Amino acid sequence: MLSCREITELATAYAEGALPFGERMRFFMHISMCKHCRLYVKQLRLTVRALGHLPRPVEPPSPEARAALLKQFRNWKSKGDGG
């Protein structure tokens, strides 16, 4: 069975319909038994839906801003605790 951490890592692929059948079944098995992950997936869906109503930015972020955001994400992911 997948761990809660694995669920958070796979949630975007799940939401996009990109998980292979076996992985999707393992994902469903976990969220059917874990209320915290069920809530996480529900929040993800609601966030995606809400963001879909926002206007698109006029310009994409600058290369410097994009690099800074990616660095922050990589640092967060490498720490593994979200903090």
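This text follows the structure it describes.
Residues numbered from 1 in each chain as written. Predicted model: local features only at pLDDT ≥ 70, side-chain atom pairs only at ≥ 80, totals over all residues. Heavy atoms only, no water.

Novice: Report on the nonpolar core, specifying residues and quantitative values.
Specialist: Judged by nonpolar contacts, L2, I7, L10, Y14, L19, F27, I31, C34, C37 and V41 together constitute the single largest core of 10 residues. Going through the elements one at a time, α1 (4–15), α2 (21–33) and α3 (35–51) are the ones with two or more residues in this core. Among the elements that take part in this core, α1 stands out by supplying 3 residues, more than any other. (Core = buried A, V, L, I, M, F, W, Y, C linked by side-chain atoms within 4.5 Å. Buried < 20%, exposed > 50% of the residue type's maximum accessible area, 1.4 Å probe, protein only. Helix = DSSP H or I, 4+ residues; strand = E, 2+ residues; numbered from the N terminus.)

Novice: Can you explain the packing of α1 against α3? Please cite residues and give values.
Specialist: Running from N to C, α1 and α3 point in directions that differ by 30 degrees, and their axes come no closer than 10 Å. When the axes of α1 and α3 are compared, the pair comes out roughly parallel. With respect to the hand of their crossing, α1 and α3 are arranged in right-handed fashion. Note on element contacts: α3 touches α1 through C37, Y40, V41, L44 and R45, opposite C4, I7, T8, A11, T12, Y14 and A15. (Axes fitted to C-alpha atoms, helices over the stretch in contact; angles between N-to-C directions. Parallel < 35°, antiparallel > 145°, perpendicular 65-115°, else oblique. Left-handed = near helix turned anticlockwise from the far one by under 90°. Contact = heavy atoms within 4.5 Å.)

Novice: So what's going on with the packing of aromatic side chains? Residues and values would help.
Specialist: Across all of its chains, the model carries 2 aromatic pairs by this definition. A ring pair is formed by Y14 and F27, whose centres lie 4.4 Å apart and whose planes are at 20 degrees; its orientation type is stacked. Pair noted here: Y14 is in helix α1 and F27 is in helix α2, with a separation of 13 residues, a long-range link. For Y14, a relative accessible area of 15% corresponds to the buried category. On the basis of relative accessible area, F27 is assigned to the buried category, the value being 0%. (Phe/Tyr/Trp six-rings, centres within 6.5 Å; stacked < 30°, edge-to-face > 60°.)

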